[in-house]
Amino acid sequence: MADQFILTTLEGPVAILTLNRPDVLNALNIPLMDQLIETMERLDNDPAVRVMVLTGNDRAFAAGADIKEMAEASIVDMYERNNLARWERIKRVRKPIIAAVSGFCLGGGCELAMHCDMIVAAEGAQFGQPEINIGVIPGAGGTQRLGKAVGKYRAMELILTGRFFSAHEAYDAGLVTKVVPNELYRDEAINIAKQIGEKSPMAVRFAKEAVLKAFEMPLSEGLDFERKMFYMLFGTDDQKEGMAAFIEKRKAKYTGK
Ligand code: DAK
């Protein structure tokens, strides 16, 4: 049987995906990435799941792409592996994904966290884009997404020096949603996921899509997109239920219809 690089558990509407190559600090090799993407796509299509939490272990979320897998590769090897296509599929997952980060969150690991919609970090977590130290640059969006999160001048320093930075620095710079005591990172991510799991699933997915558009579209087009998504929700049972529940002073029960 193939190694199981992704462990999956369910807590109500929350699916928890755990990266599982602990011996190499969850270095992201191709088999792990393939399993991760297959798992995410399966859960994205499973109506019982409303939110995903992606985590590693206490020592590492992920210390980057697997350096040993690419050390001897040629340009053609890298091109034919077509890794970017794998990452594009993560970008297309419609349900929210919360990264629960402890320990090392480096290189491709940091980029993976940035593909998620929120990042909950243990206070001892260490972030970084250290690719410059091994003669390359970030290749899964780090040069673009880190700058969008923390601004050009901080991203430039972090990417050009490759230095590690703490969870608190990441939070202060806007990369991290929340910093919590070391023992609570997983619980807190699940706690946020459960809150989201109680909302209308269609509204949640539309909200995710609309927020992400802000990073890809000019403001006027983003506003137009938001307005259309807003109107479309009036075609759902959940909008009727949500507003009726408010008026009747009761808790809404969303069905995802
Ligand atoms: N790859 C492979 N193995 C790794 C690894 C990695 N990224 N990080 C750690 N390991 C392995 C170590 O080799 C070691 O294995 P053994 O020697 O025991 O067999 C084991 O994990 C434990 O690591 P250490 O012994 O080094 O542990 P320390 O506590 O001393 O140090 C460390 C921890 C995180 C500071 C250190 O391991 C380290 O610096 N790791 C490398 C961090 C790094 O440079 N990360 C960036 C890699 S480049 C792309 C998509 C993605 C990417 C590029 C393109 N496309 C879509 C095109 C991403 C690139 C990268 O992430």
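Look up a bit, the structure's there.
What counts and how
Residues numbered from 1 in each chain as written. Predicted model: local features only at pLDDT ≥ 70, side-chain atom pairs only at ≥ 80, totals over all residues. Heavy atoms only, no water. Helix = DSSP H or I, 4+ residues; strand = E, 2+ residues; numbered from the N terminus. Polar contact = N/O pair within 3.5 Å; in protein donor to acceptor, adjacent residues only side chain to side chain. Contact = heavy atoms within 4.5 Å. Pairing = 2+ DSSP bridges. 1 Å grid on protein atoms, 1.4 Å probe; cavity = no way out; pocket = protein on both sides within 12 Å on 5 of 7 lines; lining within 4 Å. Points joined across faces, edges and corners; volume = space filled by probe spheres on them.

1. Overview of the side chain of Asn-29
Phase 1: With respect to the helices and strands, Asn-29 occurs in the loop between strand S2 (14-19) and helix H1 (30-44).
Phase 2: Here the side chain of Asn-29 touches Leu-32 through a polar contact of 3.0 Å, landing on its backbone nitrogen.
Phase 3: Setting aside chain neighbours within four positions, we find Asn-29 in contact with Phe-5, Arg-21, Asp-66 and Glu-69.

2. With respect to the sheet that holds strand S6 (residues 104-106)
Phase 1: With respect to topology, 4 strands assemble into an open sheet ordered S4-S6-S8-S9, the strand pairing being mixed. Looking at the sheet topology across the chains shown, the edges are occupied by strand S4 (60-62) and strand S9 (165-166).
Phase 2: The pairing of S6 with strand S8 (residues 126-128) spans 3 bridges and is parallel. Paired with Cys-105 across the strands is Phe-127, a residue of S8.

3. What about the layout of surface pockets?
Phase 1: Size it by volume and the largest pocket reaches roughly 1,200 Å³.
Phase 2: In terms of lining, the largest pocket is formed by 36 residues, of which the most central are Met-114, Asp-117, Arg-145, Leu-212 and Phe-215.
Phase 3: Where the lining of the largest pocket is concerned, the elements lending two or more residues are helix H4 (83-91), helix H5 (108-115), strand S7 (118-122), helix H6 (142-150) and helix H10 (201-213).
Phase 4: Take the lining of the largest pocket: its biggest share by element is 8 residues, from H10.

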